[in-house]
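The chain contents come next:
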Amino acid sequence: MVDGGFTALKKSGLKTAYESTKLDPVDVTIDSIDQKHMIRTDELKKDYADYKVVDVREDKEYKGEILYGEAKGGHLPDAIHLRFTELFQKNGKLKSKEELTKLFEDAGLAKKDQIVTYCTAGIRSAYMELVMEMCGFKQVKNYDGSYYRWAKVEEVEK
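Undergrad: Which parts of the structure should I look at to understand the packing of aromatic side chains?
TA: Two descriptors summarise a pair of aromatic rings, namely the distance from one centre to the other and the angle between the planes of the rings. With the rule as written, the count across this model stands at seven aromatic pairs. Aromatic pair F84 and F88: ring centres 5.2 Å apart, planes at 70°, arrangement edge-to-face. Judged by relative accessible area, which is 18%, F84 ranks as buried. Members of the aromatic cluster, joined through ring pairs, are Y48, Y143 and W150.

Undergrad: Looking at this structure, how should I read the packing of helix α4 (residues 97–106) against helix α5 (residues 123–134)?
TA: For any two helices packed against each other, the geometry is given by the interaxial angle and the distance between the axes. Their axes nearest at 10 Å, the elements α4 and α5 cross at an angle of 110°. Considering their axes alone, α4 and α5 lie roughly perpendicular with respect to each other. Here α4 runs over α5; the crossing is left-handed. Mapping the contact onto sequence places K97, L100 and F104 in α4 and M128, V131, M132 and M134 in α5. Of the residues that constitute the contact of α4 with α5, the class distribution is six nonpolar, no polar and one charged.

Here is what the cut-offs are and how they apply
Residues numbered from 1 in each chain as written. Predicted model: local features only at pLDDT ≥ 70, side-chain atom pairs only at ≥ 80, totals over all residues. Heavy atoms only, no water. Phe/Tyr/Trp six-rings, centres within 6.5 Å; stacked < 30°, edge-to-face > 60°. Buried < 20%, exposed > 50% of the residue type's maximum accessible area, 1.4 Å probe, protein only. Axes fitted to C-alpha atoms, helices over the stretch in contact; angles between N-to-C directions. Helix = DSSP H or I, 4+ residues; strand = E, 2+ residues; numbered from the N terminus. Parallel < 35°, antiparallel > 145°, perpendicular 65-115°, else oblique. Left-handed = near helix turned anticlockwise from the far one by under 90°. Contact = heavy atoms within 4.5 Å. Nonpolar A, V, L, I, M, F, W, Y, C, P; charged D, E, K, R; others polar.

Here you go:
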């Protein structure tokens, strides 16, 4: 991940190109996958009351608009709404750790809490999980099935 994204890479003088890069195939062996920062629907449902669930989507998504083909609009029950975009300064870079920690704490989250982040498909929430961990929130998991999955198989709030 790059603080400031693609814009920061370009500003640093890194060469960019519009053509695809041709890579030679290589053999890869994966011995194991660390899933300690992920949670699946059945696990979340089973222990739902033990978690503070954080919805990182836009306001209109949280309030029930269907923007990306979700099964239905709304949010997970009792989800804390903390927009992904609130992590960034106007220039696109992350806010300081102090500002981010205050943002999380002002939303009702404590470093000791068990937290689950979600968005529509688990991408913005994965980023949020990493940032929270960077700020000292050590019991955070990303719900990678996110709203797409939950809205298909469980009840939601509007």
